[in-house]
Amino acid sequence: MSTVTGAVVGATGVVAPAATDDGYRASIKTIGRAEAGAMTGVSWREGCPVRIADLRRVELTYWGFDNTRHRGDLIVHEDVAAGVVNIFRELYAIRFPIRTILPVDRFNADDNASMAADNTSAFNCRPKTGATKGFSVHSYGKAIDINPLENPYIKGTVVQPPAGKTFTNRANTRPGMIKRGDRVWRAFTTNGFTWGGEWTSLKDYQHFEVPV
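These numbers were taken from a predicted model, which means no experiment stands behind them.

(A) Examining the sheet that holds strand β9 (residues 143–145) more closely. Read from one edge to the other, the open sheet built from three strands follows the order β9-β14-β12, with strand pairing classed as antiparallel. If you trace the sheet from one side to the other, it starts and ends with β9 and β12 (194–195), each paired once. As paired elements, β12 and strand β14 (residues 207–209) share two bridges and run antiparallel to each other. Bridging from a neighbouring strand, Trp-195 pairs with Phe-208 of β14.

(B) Quick peek at the sheet that holds strand β13 (residues 203–204). Here we have three strands laid out as an open sheet, ordered β11-β10-β13, and antiparallel in their pairing. The open sheet has two edge strands with one neighbour each: β11 (158–160) and β13. Pairing geometry for strand β10 (residues 153–155) and β13, over two bridges, is antiparallel. From the neighbouring strand, Ile-154 faces β13, where its bridge partner is Lys-203.

(C) Inspection of the pairing of strand β6 (residues 69–77) at higher detail. Note: strand β5 (residues 55–63) against β6, nine bridges, orientation antiparallel. Paired with Arg-56 across the bridge in β6 is Val-76. With antiparallel pairing between neighbouring strands as the criterion, β5 and β6 make up a hairpin whose turn holds five residues, including Asn-67 at a positive phi of roughly 60°.

(D) Summary view of the pattern of salt bridges. Under the definition given, this model contains 14 salt bridges. With a closest N to O distance of 3.6 Å, Asp-79 and Lys-142 form a salt bridge. Remark: Lys-142 occurs in the loop between β8 (119–120) and β9 and Asp-79 occurs in the loop between β6 and α2 (81–93); sequence separation between them is 63 residues. For Asp-118, the salt bridge identified is with Arg-99, shortest N-O distance 2.9 Å. A residue pair is termed long-range when its members are at least 10 positions apart, and Asp-118 in the loop between α3 (111–116) and β8 and Arg-99 in the loop between α2 and β7 (100–101) qualify at 19 residues. Through salt bridges with shared partners, a single ionic network connects Lys-29, Glu-35, Arg-57, Glu-59 and Arg-71.

(E) Structural detail: the environment of Ser-136. Tracing the backbone through its elements, the reader meets Ser-136 in the loop between β8 and β9. Taking the relative accessible area as the measure of exposure, Ser-136 reaches 5% and is therefore buried. Taking the C-alpha atoms as reference, Ser-136 lies 9.9 Å from Val-212; in sequence the two are 76 residues apart. A polar contact of 3.0 Å, which involves the side chain of Ser-136, links it to the backbone nitrogen of His-138.

(F) Spatial organisation of the side chain of Thr-120. Assignment of secondary structure puts Thr-120 in strand β8. A distance of 3.1 Å separates a polar side-chain atom of Thr-120 from the backbone nitrogen of Asn-147. Discounting residues that sit within four places of it in the chain, Thr-120 has contacts with Leu-74, Ile-98, Thr-100, Ile-101, Leu-102, Ile-144, Asp-145, Ile-146, Asn-147 and Pro-148.

(G) Here's a closer look at the nonpolar core. Membership of the largest hydrophobic core comes to 35 residues, with the highest contact counts inside it found for Leu-60, Val-84, Phe-88 and Phe-188. Going through the elements one at a time, β4 (25–30), β5, β6, α2 and α4 (183–189) are the ones with two or more residues in this core. Those residues in contact with Phe-188, other than ones at most four positions away along the chain, are Ile-87, Phe-88, Leu-91, Ile-144, Ile-146, Phe-193 and Phe-208. Counting eleven residues, the second largest nonpolar core, distinct from the first, contains Ala-36, Met-39, Leu-55 and Phe-123.

Quick notes on the rules
Residues numbered from 1 in each chain as written. Predicted model: local features only at pLDDT ≥ 70, side-chain atom pairs only at ≥ 80, totals over all residues. Heavy atoms only, no water. Pairing = 2+ DSSP bridges. Helix = DSSP H or I, 4+ residues; strand = E, 2+ residues; numbered from the N terminus. Salt bridge = Lys/Arg side-chain N within 4 Å of Asp/Glu carboxyl O. Buried < 20%, exposed > 50% of the residue type's maximum accessible area, 1.4 Å probe, protein only. Polar contact = N/O pair within 3.5 Å; in protein donor to acceptor, adjacent residues only side chain to side chain. Contact = heavy atoms within 4.5 Å. Core = buried A, V, L, I, M, F, W, Y, C linked by side-chain atoms within 4.5 Å.

What follows is the structure in structure tokens.
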């Protein structure tokens with residue numbers, strides 16, 4: 001287990017102390033036997049492109065829309081775990097509000113239910129949105145969806161979650177939204193992620209991924 005306490009994990013994996021203790025806490029943990037059993041048949045199943053042993057649970061501090069610190073859990077691939085700690089430290093530093101950060105197992109791995117709850121999540125072994133086959137990058141633990149309500153998926157007339165229609169006007173910037181070039185976008189892109197808000201055939205404003 002790697003633990004980060006008021007610190008930043010650098011590109012080499014070396015833990016360096018933060019200049020000041022601002023209250024951010026993060027840890028990277030392996031998936032235990034009981035947790036793996038609970039995930040099996042829900043967010044993970046036989047035939048998924050990664051093993052549960054390849055995944056890590058990142059526990060971290062974030063600011064909620066209530067301007068209060070909260071703790072969240074993201075399940076991600078071990079290859080991106082340290083980068084995720086860095087990213088969410090930056091989001092914490094700028095007090096970017098996040099509704100909740102819960103594994104999709106809390107929603108029975110139902111992506112629609114997780115989005116409707118405006119939940120930020122990562123790993124979920126499932127097809128690409130709108131497809132019946134082929135794996136989403138979420139299936140590799142290398143994609144994260146941030147505030148799906150404020151940053152909806154848009155393809156033609158389809159908006160997911162449906163309540164995200166309120167946020168389809170991206171020029172009307174409100175708390176929790178992501179825009180190209182802002183500090184959320186920079187935090188992810190400088191750590192190797194690309195943004196679905198820059199896709200051309202559709203816009204997935206909530207979605208950041210590391211290509212697999």
